[in-house]
Amino acid sequence: MNERLNNHLLSILSPEQVFAKYTPKQIGKVFGELLDQVYEGRSDRIDGHPPEKFQKRVEDRVLYPFLAFDGQKPVACYAVQWYGEKVDMGNAAILSKYRGIGLIRGKDMYLNAHKWVRENLGSKTAIITGGSRIPVSAAIAVNHCRRFPCWLPPFPSW
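Residues numbered from 1 in each chain as written. Predicted model: local features only at pLDDT ≥ 70, side-chain atom pairs only at ≥ 80, totals over all residues. Heavy atoms only, no water.

1. Let's talk about the overall build of the chain
Note the threshold: A run of H or I in DSSP counts as a helix once it spans at least four residues, and a run of E counts as a strand once it spans at least two, with each numbered from the N terminus. When accessible area is computed with a 1.4 Å probe and restricted to protein chains, residues below 20% of their type maximum are described as buried, those above 50% as exposed, and intermediate ones as partly exposed. Working rule for contacts: check all heavy atoms of both residues, and any pair within 4.5 Å makes them a contact. Accessible surface area values rest on a Shrake-Rupley calculation with a 1.4 Å probe, where residue burial reflects the displayed protein chains alone.
Within the chain, the secondary structure is distributed over 6 helices and 5 strands. Scanning the chain from its N terminus toward the C terminus, one meets helices and strands in the order α-β-α-α-α-β-β-β-α-β-α. Looking at the 158 residues of the chain, the share that counts as buried comes to 43%. For the chain, the proportion of contacts with a sequence separation of at least 24, taken over those separated by at least 6, is 62%. Split by element, the accessible area of the chain, about 9300 Å² in all, is 51% carbon and sulfur.

Right, here's the structure in full:
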């Protein structure tokens, strides 16, 4: 079975593709469940990953989701959150049984999202990867350099 998996990369759905197929409530549920499964209750977020939080961000046009499915099963997610002056890239998760088998890579999720940001948001924002873990670095970069000068991988395994 791994041979088939190694030769069959999963497609990463762009925000436009996700919005065309799923409601904000469904998107929130997928993100909440994937993040809870991957982080197994060890999230750095005090409130965990409630689906309603992601649903509201989608409805408010803040969260732009990237998803990968194996058939009908969601197996990976990544989010671009746009706050006008900055883009926060994170909420990354790949189910453990899909890592390292050639189906989906975290780096590809990030690269697709980064390309989408460049094409859709242009130079209107500073890009912050890693979310809430790097607010001081982001503030220095945005306030003093007028840009975010470094790249930090959103996946610890990199």
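2. Quick notes on the pairing of strand β3 (residues 73-82)
To keep things clear, this is the line we draw: DSSP bridges decide pairing: two strands pair if at least two such bridges lie between them.
Of all 10 residues in β3, 7 are buried, a share of seventy percent or more. In this sheet, β3 lies alongside strand β2 (residues 63-70) in antiparallel orientation, the contact comprising 8 bridges. Bridged to Phe66 within β3 is Tyr78. Count of turn residues in the β2/β3 antiparallel hairpin: 2 residues, of which Gly71 carries a positive phi of about 70°. Taken together, the 6 bridges between β3 and strand β4 (residues 86-94) define a ladder with antiparallel strand orientation. Within the sheet, the bridge partner assigned to Trp82 lies in β4 and is Val87. Where β3 folds back on β4, the antiparallel hairpin that results is connected by 3 residues, among which Gly84 adopts a positive phi of roughly 80°.

3. Focus on the confidence of the model for the chain
The test is simple: Scored from 0 to 100, pLDDT reflects the predictor's confidence in each residue.
With 68% of its residues at a pLDDT of at least 70, the chain reaches an overall mean of 77. At the level of individual helices and strands, the chain shows its lowest average pLDDT in helix α1 (residues 2-6), which scores 42, and its highest in helix α2 (residues 15-21), which scores 97. Counted against residues more than four places away or in other chains, residues 1-6, with its pLDDT under 50, gives 5 contacts.

4. A few points about helix α3 (residues 24-39)
The condition that has to hold: To estimate the expected span of a helix, subtract one from its residue number and multiply by 1.5 Å.
Given a rise of 1.5 Å per residue, 16 residues ought to cover 22 Å, and the 22 Å separating the end C-alpha atoms of α3 matches this to within 8%. Those residues of α3 that sit buried are Ile27, Gly28, Val30, Phe31, Gly32, Leu34, Leu35 and Val38. In the core, the buried residues of α3 are packed alongside α2, α4 (51-59), β2, β3 and β4. Backbone geometry just after α3 places Glu40 at a positive phi near 45°.

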